[in-house]
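Single-letter residue listing:
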Amino acid sequence: MTKRLLNYAKDAWVAGAGAAVPVVSAISGETVAVVGSDGLDFAGMLEHARTVGGPALRAMNFHERGGMLKALAQAIMNRKEELYELSAQTGATRNDGWIDIEGGAGTFFTMASKARRELPADVVIVDGEHEVLGKTGSFIGQHVYTSLQGCAVQINAFNFPVWGMLEKLGPALLAGMPAIVKPATATAQVAEQAVRIMIEAGVLPKGALQLVVGSLGDTLDHLTCQDVVSFTGSAATAIKLQSHPVMARESVRFVAERDSINACVLGPDATPDAPEFDLFVKEVVREMTVKAGQKCTAIRRAFVPRALMDAAQQALAARLSKVVVGDPAQDGVTMGALVSLSQRADVRDAARALAGECTLAWGSIDTVEAKGDADRGAFQSPLLFRNDQPWQAQHVHDVEAFGPVCTLMPYADVEDAIALCNRGKGSLALSVFTYQPETVRAFVLGSGALHGRMVFVDRDSAKESTGHGSPLPMLIHGGPGRAGGGEEMGGVRGVKHYMQRSALQAHPRMIGHVIGQWLPGVPQPSGEAHPFRKRFGELDLGYTLHTAARTITLADVEHFAEFTGDNFYAHMDEVAAAASPIFGGRVAHGYLILSFAAGLFVDPAPGPVLANFGLEHLRFIKPVKPGDSIKVALTAKAKSLRTADMGEVRWAVAVTNQDDELVAAYDLLTMNAV
Ligand code: NDP
């Protein structure tokens, strides 16, 4: 009996009622599973997410949510072979599966580590510095992000059933938002198993993750301004979803990744024997064949200087002739199948449209030599088209043939190449193979507005280049216009898509309490104990040490100069320093001020302060002249637990002179025992 994939609704695995939609093997054409979601209580699932999943996730801080992602990624890695097995049914080679499965887990690992390093052990993200709004500083402004209180509805494409799901799910969970995930039917068996693995890992709170295999029913009818819809797929579906009246009425956030006619350019400086020429050829063929070209970021248009058209065509054809299409289970196969025969029919239709205005330089639209069942497997020959008049062509810039299809075209000069890339009307990724920095700058200025990610590859970066087609969790993925206008990932940026930014206005004491920071204008109590004697848990924000004063002499300055070798004229040359419009005479080194400040505030005995690991936001505000005396206010400004035994303490250090004028200010970071 054919396996029926299950929905995961309100923390239970349930089969959909009614007619089932088949999921078909890309290799054999057999039905490997069926999906269906009839009978699900979609409104109830949204409510469950909002009332059970959301509060549970929001009760965890960013570090705890990051720990949860790490455990989920680990669970996927532990059971990855189950996913590889299912992935092979979708036509994926082992390498394609690796990008999807281990790439997906890697995305969670990266997000988890970003959460630990870049987000607080709290639930609020502070956005930028506070703004002083009044004369005395008793009324300030501060931007913060807090979690949305709805549900993330995530609709995924068929091409990356694991990675595509996790790159959306990770930021939502980190933001404290539960999700209902809807995979594409064509590869739903892989996504369903990945969800099963995550649920069985036992680390997700109830209501945090639900799964719909099949139609989303009337889900969209029940959305509110607290929900987010994230979508990857065709422009036609994106437009349908986006025009749903509830989306406009409730101002539901909508993030879309959709069709993208990505371009790759061989720079004007390249010659056939330049390393960049080879790199370009390899990359174009790689992008055509990985995942059989079913990648939202794949290269669809390859541009070369007009004089290199023939050389580029020959080199691409020579490389394409080595591609072995077929069932990935068979030896020697380097390119797998398209996801289904119907997807192949779509690709062939698109290819025929291209053939109407291009010549076919390599491959065959309707026949294919493949290792495997050529009648039932969705195999497709790679297709390299050539068009020598790109400004006269239309389909090459507008039709996304979602398979191993690319068109080679010439350009006249850099300006022309930029205009041709931009003719795609918004893309996810643009790559340029050049050794000229001026070409890189010209592309960034001329094309940045139309491309979400720009990759520049040359002989010096090639070895470490992550390639044209790989979105990375620390960088944004998305693009304007045709590409959907969305933006995902980008490290912590992606988390903020599931949060609301608000501007707070209040007394610093109120805002400090909200964001867990001491802010200027809030009392700075002192006590008997030196702050360095207090353990992490004993230290109250605002607790301040006011040091004694120390007078800085000319001998100090000269001694410091001799000792460190810093004989800059402002410290050592009376005449030149006097002529300086800034100093008007000799002044103490900034580093001397820092060193003496430390000498004033440090408590020397071993204790809970384990290490000083840096200064931030350092400013020297007013020169210190020989004869001036300095003193320090050291205030516990913020604390963040890093491990079970250690926490980071951020100290506000204010160095003032004998007239109480601020001469230097900075944040000092120490690691303290808990
Ligand atoms: P679709 O837009 O049809 O499907 C994408 C997702 O949307 C699937 O999960 C699909 O579910 C779902 N969906 C479809 N209709 C609705 C609806 N009315 N309400 C809610 N969800 C819906 O794209 P395909 O995956 O079929 O691919 C078609 C073409 O889209 C490709 O040939 C390619 O050109 C382009 N594409 C572009 C991508 C990109 O990022 N650039 C990625 C993938 C595809 P179900 O599968 O159950 O129908």
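The name an unreviewed UniProt entry gives the protein chain is Phenylacetic acid degradation bifunctional protein PaaZ, with Sandarakinorhabdus cyanobacteriorum as the organism.

Turning our attention to the overall build of the protein chain. Within the protein chain, the regular secondary structure consists of 20 helices and 28 strands. If you line up the protein chain on its principal axes, its C-alpha atoms span 90 × 60 × 45 Å. Split into buried and exposed, the 674 residues of the protein chain put 53% on the buried side. Restricting the contact set of the protein chain to residue pairs at least 6 apart, pairs at least 24 apart contribute 73%. Only carbon and sulfur atoms are counted for the fraction: they give 54% of the accessible area of the protein chain, which is about 27,500 Å². One finds the centroid of the 61 positive side-chain charges in the protein chain at a distance of 3 Å from the centroid of its 72 negative side-chain charges.

Let us look at the site of the ligand. Taken together, 23 residues sit near the ligand, with Asn 156, Thr 185, Ser 234, Thr 237 and Cys 296 positioned nearest. Ser 234 places a side-chain nitrogen or oxygen 2.6 Å from an oxygen atom of the ligand. In this structure, Glu 400 approaches the ligand through a side-chain N or O atom, which is 3.0 Å from an oxygen atom. When the free accessible area of the ligand is taken as 880 Å², the share hidden by the protein chains comes to 78%. When each cavity is represented as a set of grid points, the ligand is found to reside in the second largest pocket. By residue class, the composition of the shell around the ligand is nine nonpolar, eight polar and six charged.

The next thing to look at is the sheet that holds strand E1 (residues 3-4). In any sheet, the strands associate via hydrogen bonds between backbone groups, in a parallel or an antiparallel arrangement. Across the sheet, three strands lie side by side as E1-E5-E4; this open sheet has mixed pairing. One side of each edge strand has no neighbouring strand; the edge strands of this open sheet are E1 and strand E4 (21-24). Pairing geometry for E4 and strand E5 (residues 31-35), over four bridges, is antiparallel. Pairing of Val 23 across the sheet is with Ala 33, part of E5.

Turning next to empty space enclosed by the protein. Here the structure, examined in full by the defined rule, presents three cavities of 30 Å³ or more. Computed from the structure, the largest cavity encloses a volume of approximately 90 Å³. Lining of the largest cavity is provided by Asn 156, Ala 157, Asn 159, Phe 160, Trp 163, Gly 164, Glu 167, Lys 168, Thr 232, Cys 296 and His 477. When residues in the lining of the largest cavity are grouped by element, the largest group, four residues, is from helix H5 (residues 163-175). Per-class residue counts for the lining of the largest cavity are four nonpolar, five polar and two charged.

What follows deals with the pairing of strand E13 (residues 262-266). Along E13, five of the five residues are buried, which leaves the element largely enclosed by surrounding structure. Covered by surrounding structure in E13 are Asn 262, Cys 264 and Leu 266 together with Ala 263 and Val 265, the residues of both alternating faces. Examined bridge by bridge, E13 and strand E14 (residues 299-305) share four bridges and lie parallel to one another. What sits directly across from Ala 263, in E14, is Arg 301. Handedness of the crossover joining E13 and E14 through helix H9 (residues 275-289) is recorded here as right-handed. As paired elements, E13 and strand E18 (residues 427-433) share four bridges and run parallel to each other. Across the sheet, the residue bridging to Val 265 is Val 432, located in E18.

About the thresholds
Residues numbered from 1 in each chain as written. Predicted model: local features only at pLDDT ≥ 70, side-chain atom pairs only at ≥ 80, totals over all residues. Heavy atoms only, no water. Helix = DSSP H or I, 4+ residues; strand = E, 2+ residues; numbered from the N terminus. Buried < 20%, exposed > 50% of the residue type's maximum accessible area, 1.4 Å probe, protein only. Contact = heavy atoms within 4.5 Å. Areas by Shrake-Rupley, 256 points an atom, 1.4 Å probe, with all protein chains shown as cover. Lys, Arg positive; Asp, Glu negative; His and termini not counted. Charge placed at Lys NZ, Arg CZ, Asp CG, Glu CD. Near = heavy atom within 4 Å. Polar contact = N/O pair within 3.5 Å; in protein donor to acceptor, adjacent residues only side chain to side chain. 1 Å grid on protein atoms, 1.4 Å probe; cavity = no way out; pocket = protein on both sides within 12 Å on 5 of 7 lines; lining within 4 Å. Sits in = over half its atoms within 2 Å of the grid points. Nonpolar A, V, L, I, M, F, W, Y, C, P; charged D, E, K, R; others polar. Pairing = 2+ DSSP bridges. Points joined across faces, edges and corners; volume = space filled by probe spheres on them. Right-handed = clockwise from strand over helix to strand, strands pointing away.

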